[in-house]
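# Structural overview for review
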Amino acid sequence: MSAEQRYKFHRTARYLLAVPMVFLFDWWAASLILVVLPFEGALRIAAFVAIFAILACVLLWYLFKNIKTLSQASCL
């Protein structure tokens, strides 16, 4: 396996690991936020989905924007 293939493999692995990690973190964070909000029923579900979606978008954007920098730093 050449150095370029190893680099592509590790980069892909980082992307594939980032998605479930962000999903679990967002689920946890949205649940903690909803503990303190006094919503009931459908409003509670809508608030959870909105918080979850916003957190997921922000975290995935940040990770994918910086993944090249992160992978280069880990090779040092």
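To start, this report covers the structure provided alongside it. (Residues numbered from 1 in each chain as written. Predicted model: local features only at pLDDT ≥ 70, side-chain atom pairs only at ≥ 80, totals over all residues. Heavy atoms only, no water.)

Under the 1.5 Å per step criterion, the end-to-end length of helix α1 (residues 3-36) is 50 Å for 34 residues, consistent within 8% with the ideal 50 Å. Of all the positions in α1, only A18, V22, D26, A29, A30 and L34 are classed as buried. (Helix = DSSP H or I, 4+ residues; strand = E, 2+ residues; numbered from the N terminus. Expected span 1.5 Å × (residues − 1). Buried < 20%, exposed > 50% of the residue type's maximum accessible area, 1.4 Å probe, protein only.)

Mapped onto the elements, D26 comes out in helix α1. Given a relative accessible area of 0%, D26 falls into the buried group. Here the side chain of D26 touches A56 through a polar contact of 2.8 Å, landing on its backbone nitrogen. The contact partners of D26, leaving out residues within four places of it in the chain, are F52, L55, A56 and L59. (Polar contact = N/O pair within 3.5 Å; in protein donor to acceptor, adjacent residues only side chain to side chain. Contact = heavy atoms within 4.5 Å.)

To continue, consider the packing of aromatic side chains. Tallying each qualifying case throughout the model produces six aromatic pairs. Ring centres of F23 and W27 lie 6.0 Å apart, and the angle between their planes is 40 degrees; this geometry places the pair in the tilted category. With F23 and W27 both in helix α1 and four residues apart, this pair spans about one turn of that helix. Looking at W27, the relative accessible area reads 46%, which means it is partly exposed. Ring geometry for W27 against F48: centres 4.9 Å apart, planes inclined by 75 degrees, an arrangement best described as edge-to-face. You can see W27 sitting in helix α1 and its partner F48 sitting in helix α2 (residues 41-74), a full 21 residues away along the chain. Every member of this aromatic cluster is reached through a ring pair, and the members are F23, W27, F48 and F52. (Phe/Tyr/Trp six-rings, centres within 6.5 Å; stacked < 30°, edge-to-face > 60°.)

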